[in-house]
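# Structure at a glance
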Amino acid sequence: EDKVVQSPLSLVVHEGDTVTLNCSYEVTNFRSLLWYKQEKKAPTFLFMLTSSGIEKKSGRLSSILDKKELFSILNITATQTGDSAIYLCAYFNTNAGKSTFGDGTTLTVKP
Amino acid sequence: NAGVMQNPRHLVRRRGQEARLRCSPMKGHSHVYWYRQLPEEGLKFMVYLQKENIIDESGMPKERFSAEFPKEGPSILRIQQVVRGDSAAYFCASSYDRMNTEAFFGQGTRLTVV
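Right, let's walk through the structure included here. This is a predicted model, so every value here is computed, not measured.

## Here we look at the overall build of chain A
What chain A contains, in helices and strands, is 0 helices and 11 strands. Along chain A, helices (α) and strands (β) appear in the sequence β-β-β-β-β-β-β-β-β-β-β when read from the amino end. In terms of overall size, chain A behaves like a compact globule, its C-alpha atoms giving a radius of gyration of 13 Å where 111 residues would be expected to give roughly 13 Å. In terms of overall dimensions, chain A has a C-alpha envelope of 45 × 25 × 20 Å along the principal axes. Here chain A, with 111 residues, has 42% of them falling under the buried criterion. Nonlocal contacts in chain A, meaning residues at least 24 apart in sequence, comprise 54% of its contacts between residues at least 6 apart. When the accessible surface of chain A is summed, it comes to about 5300 Å², and 50% of that surface belongs to carbon and sulfur atoms.

## Describing the sheet that holds strand 7 (residues 61-66) of chain A
Residue and element names in this part refer to chain A. Spatially, 1-3-8-7-6 is the arrangement adopted by the 5 strands of the open sheet, whose pairing is antiparallel. A single partner strand is all that each edge strand has here, and the edge strands are strand 1 (3-7) and strand 6 (56-58). Averaged over all pairs of adjacent strands, the angle between their axes in this sheet comes to 15 degrees, without regard to strand direction. Here strand 1 pairs with strand 3 (residues 19-26) via 5 bridges, running antiparallel. Bridge pairing in strand 3 places Lys3 opposite Glu26.

## Thoughts on the interface of chain B and chain A
The interface is formed by 22 residues belonging to chain B together with 22 residues belonging to chain A. For the pair chain B and chain A, the summed buried area comes to about 1800 Å², and 52% of that belongs to carbon and sulfur atoms. The interface formed by chain B and chain A contains 1 salt bridge. At the boundary of chain B and chain A, one finds 4 residue pairs in polar contact (both at pLDDT 80 or more). Looking at the side of chain B that touches chain A, the elements with two or more residues in it are strand 4 (31-37) and strand 5 (43-50) of chain B. Top element by residues in the side of chain B that touches chain A is strand 5 of chain B. It accounts for 4 residues.

## What to know about the pattern of salt bridges
One pass over the structure, following the stated rule, counts 5 salt bridges over all chains. Asp103 of chain A is the salt-bridge partner of Lys44 of chain B, the closest N and O atoms lying 2.8 Å from each other. Of the two residues, Lys44 of chain B is situated in strand 5 and Asp103 of chain A in the loop between strand 10 (98-101) and strand 11 (105-110); the pairing between them involves two chains. What makes Lys44 of chain B partly exposed here is its relative accessible area of 36%. Two residues, Glu18 of chain B and Arg20 of chain B, come together in a salt bridge whose shortest N-O distance is 3.0 Å. Note on Glu18 of chain B: relative accessible area 31%, which makes it partly exposed.

## Observations concerning the nonpolar core
Counting 23 residues, the largest nonpolar core has Trp34, Met46, Leu77 and Tyr90 of chain B as the members making the most contacts within it. For this core, the secondary-structure elements that each account for two or more residues are strand 3 (19-24), strand 4, strand 5, strand 7 (65-68), strand 8 (75-79), strand 9 (88-95) and strand 11 (109-113) of chain B. When residues no more than four places from it in sequence are discounted, the contact partners of Leu77 of chain B are Ala19, Arg20, Leu21, Trp34, Met46, Met60, Ser66, Ala67 and Tyr90 of chain B. In terms of nonpolar packing, the next biggest core, distinct from the first, is built from 20 residues, Val19, Leu21, Phe47 and Ala85 of chain A among them.

## Points about the state of the cysteines
Residue and element names in this part refer to chain B. Across all of its chains, the model carries 2 disulfides over all chains by this definition. Disulfide pairing places Cys23 opposite Cys92 at an S-S distance of 1.7 Å. Residues Cys23 and Cys92 are joined by a disulfide whose S-S torsion is about -45 degrees; by sign, that bridge is left-handed. You can see Cys23 sitting in strand 3 and its partner Cys92 sitting in strand 9, a full 69 residues away along the chain. Cys92 gets classed as buried once you look at its relative accessible area, which sits at 0%.

## Here's the deal with the layout of surface pockets
Using a probe with the size of a water molecule, rolled over the atoms, empty space left in the structure can be pinpointed. Put simply, the largest pocket is a space of about 430 Å³. In terms of lining residues, the largest pocket is bounded by 22 residues, among which Ile86 and Thr106 of chain A together with Gln37, Glu40 and Glu41 of chain B are the most central. Of all elements in the fold, only strand 9 (85-93) and strand 11 of chain A together with strand 9 of chain B reach the threshold of two or more residues within the lining of the largest pocket. Looking at the lining of the largest pocket residue by residue, the classes come out as 9 nonpolar, 7 polar and 6 charged. The volume enclosed by the second largest pocket comes to roughly 310 Å³. Around the second largest pocket, the lining comprises 13 residues; the ones closest to its centre are Glu1, Asp2, Thr100 and Phe101 of chain A together with Lys44 of chain B. Listed by contribution, the elements that provide at least two residues to the lining of the second largest pocket are strand 1 and strand 10 of chain A together with strand 5 of chain B.

About the cut-offs
- Residues numbered from 1 in each chain as written.
- Chains lettered and ligands numbered in written order.
- Predicted model: local features only at pLDDT ≥ 70, side-chain atom pairs only at ≥ 80, totals over all residues.
- Heavy atoms only, no water.
- Helix = DSSP H or I, 4+ residues; strand = E, 2+ residues; numbered from the N terminus.
- Rg over C-alpha atoms; globule rule 2.2 N^0.38 Å.
- Buried < 20%, exposed > 50% of the residue type's maximum accessible area, 1.4 Å probe, protein only.
- Contact = heavy atoms within 4.5 Å.
- Areas by Shrake-Rupley, 256 points an atom, 1.4 Å probe, with all protein chains shown as cover.
- Pairing = 2+ DSSP bridges.
- Axes fitted to C-alpha atoms, helices over the stretch in contact; angles between N-to-C directions.
- Buried area = accessible area lost by both parts, 1.4 Å probe.
- Salt bridge = Lys/Arg side-chain N within 4 Å of Asp/Glu carboxyl O.
- Polar contact = N/O pair within 3.5 Å; in protein donor to acceptor, adjacent residues only side chain to side chain.
- Core = buried A, V, L, I, M, F, W, Y, C linked by side-chain atoms within 4.5 Å.
- Disulfide = S-S within 2.5 Å.
- 1 Å grid on protein atoms, 1.4 Å probe; cavity = no way out; pocket = protein on both sides within 12 Å on 5 of 7 lines; lining within 4 Å.
- Points joined across faces, edges and corners; volume = space filled by probe spheres on them.
- Nonpolar A, V, L, I, M, F, W, Y, C, P; charged D, E, K, R; others polar.

Interpretation in functional terms is not warranted from these geometric data alone.
Here you go:
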């Protein structure tokens, strides 16, 4: 059965800290790995990763995929209180045409 | 171009009643996915539909739950005889085609069963 595991489940940091969120997966028919940010509403898309070793960047957020070791990381530098959210990792199964999500990492950034 | 629209945003039902959740996909999208998010958990896939077809319902409980996506109108997720354990946020996402991995999510319907 396809599986996506995120760690840690929760994380509390102070503003200015750098955090690394982990996502490992065991899947068939891998097409891409996706990261979402979820506050008190619908998940919003952050990154889609399909190629190993290529870093995607958006401001203070960046993510990279390792297809050999089957994991991805999401980095957030100089964290702000507005980064507090649940970060969800998902993989997209080509054959099934659907995404399977991990349980998420709850990030709390304290002032 | 309006995003994915879900309604109602909040729904309260007594045990044993029916809950009907609606999802209008983004314009031009014919693929709809329903996810359930229990408190303190991630999103769990329920069902994947195309217009008038259920493609994959492997994540949907076999009893009391059903989904449809008619030729005209929104996709409907129906939960009959709701129980307390059905209380959750139900999210709908849509995409242009099955290879489009960037699905867009609606704001969700928060179902509370009392």
